[in-house]
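Fold and contact review
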Amino acid sequence: MSGEFIENLKGALLNTLSADKVLRQSAEDALQSYLGVPNAFTGFLHLACQTQERSNAHLRMAALLALKNNVRHFWSTGTGSPSSQNPAPRWPMSQEEKEQVKLTIVEATLAEMDKPVLRILAEITRMIAEFEWPASWPGLIPTLVNNIQGQDPNRVHNSLLVIRRLAKRLEYKLPGPDREPLHFLMAKSFPTIQQLIENLKPVLDREVASASCVHMALKIFYSCTMYKLPKEEAQLD
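Computed from a prediction, not measured in an experiment: that's the story for all the values here.

**Looking at helix 11 (residues 208–225)**
Helix length check: helix 11, at 18 residues, gives a terminal C-alpha distance of 26 Å against a target of 26 Å (1.5 Å per residue), a fit within 8%. Packed against the buried residues of helix 11 are helix 9 (153–170) and helix 10 (180–200).

The structure is reproduced here in structure tokens:
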């Protein structure tokens, strides 16, 4: 993508947030053209994750909202018509781009410190996981678990947040194939999360970050167990 293209894209993104209805609609229409160019998902994500754009939170937010609203148009694995329950992707991505985006979105989410931006990054990660995880994204949970074991409280919290989003999407799935990813998530993450809670207990009353992590960990346990607890998960310790 050329520099001129990026600058035009930035202008369109910012105008999607305009209070002027005519200008906003024009920008939203133009955005559809930008989303259809090759490697568009990567380009939008690049804009949203540039640290120098922190001074322009509106631009970062606009880029992320554009991605969030169109995830299924890029990542859908269906073959049906646009109105079907399993539509074909409107803007198909190459496998190479998909793999790079998955690496980038996880790293961006774990490193993010701006809470509104973090929430949308985590939701985009969760939405991509609907199409890719676990079969086509086997490294997702190990990456999150490894970061929970790390020393950076921000990355620990953000890893827990992503796991919570994954669990919450699956918490009401009926026993059977649709619930199996939740069982996998529990088996791979619960021992590490339990150990994290034990490690943080001594400092809960004096470290806000630790209390926040424990709170998120307990929300994960709730989402995973409040509806159904198979015997094999009940025996985890």
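**Regarding the environment of proline 89**
Within the element layout of this structure, proline 89 appears in the loop between helix 5 (71–75) and helix 6 (95–111). In this structure the C-alpha to C-alpha distance between proline 89 and phenylalanine 5, which are 84 residues apart in sequence, comes to 24 Å. Excluding residues that lie within four positions of it along the chain, proline 89 makes contacts with Arg72, His73, Phe74, Ser76 and Gly78.

**Notes on the pattern of salt bridges**
Side-chain pairs of opposite charge can arise where the charged atoms are in close proximity. A complete count under the given rule lists 11 salt bridges for this structure. For glutamate 123, the salt bridge identified is with arginine 165, shortest N-O distance 2.9 Å. Taken together, the residues glutamate 123 in helix 7 (residues 115–132) and arginine 165 in helix 9 connect sequence positions 42 residues apart. Across the pair lysine 168 and glutamate 171 runs a salt bridge, and its minimum N-O distance is 3.5 Å.

**Things to note about the side chain of glutamine 50**
Relative to the helices and strands, glutamine 50 resides in the loop between helix 3 (40–49) and helix 4 (57–68). Judged by its relative accessible area of 15%, glutamine 50 falls in the buried class.

Criteria and thresholds
Residues numbered from 1 in each chain as written. Predicted model: local features only at pLDDT ≥ 70, side-chain atom pairs only at ≥ 80, totals over all residues. Heavy atoms only, no water. Helix = DSSP H or I, 4+ residues; strand = E, 2+ residues; numbered from the N terminus. Expected span 1.5 Å × (residues − 1). Contact = heavy atoms within 4.5 Å. Salt bridge = Lys/Arg side-chain N within 4 Å of Asp/Glu carboxyl O. Buried < 20%, exposed > 50% of the residue type's maximum accessible area, 1.4 Å probe, protein only.

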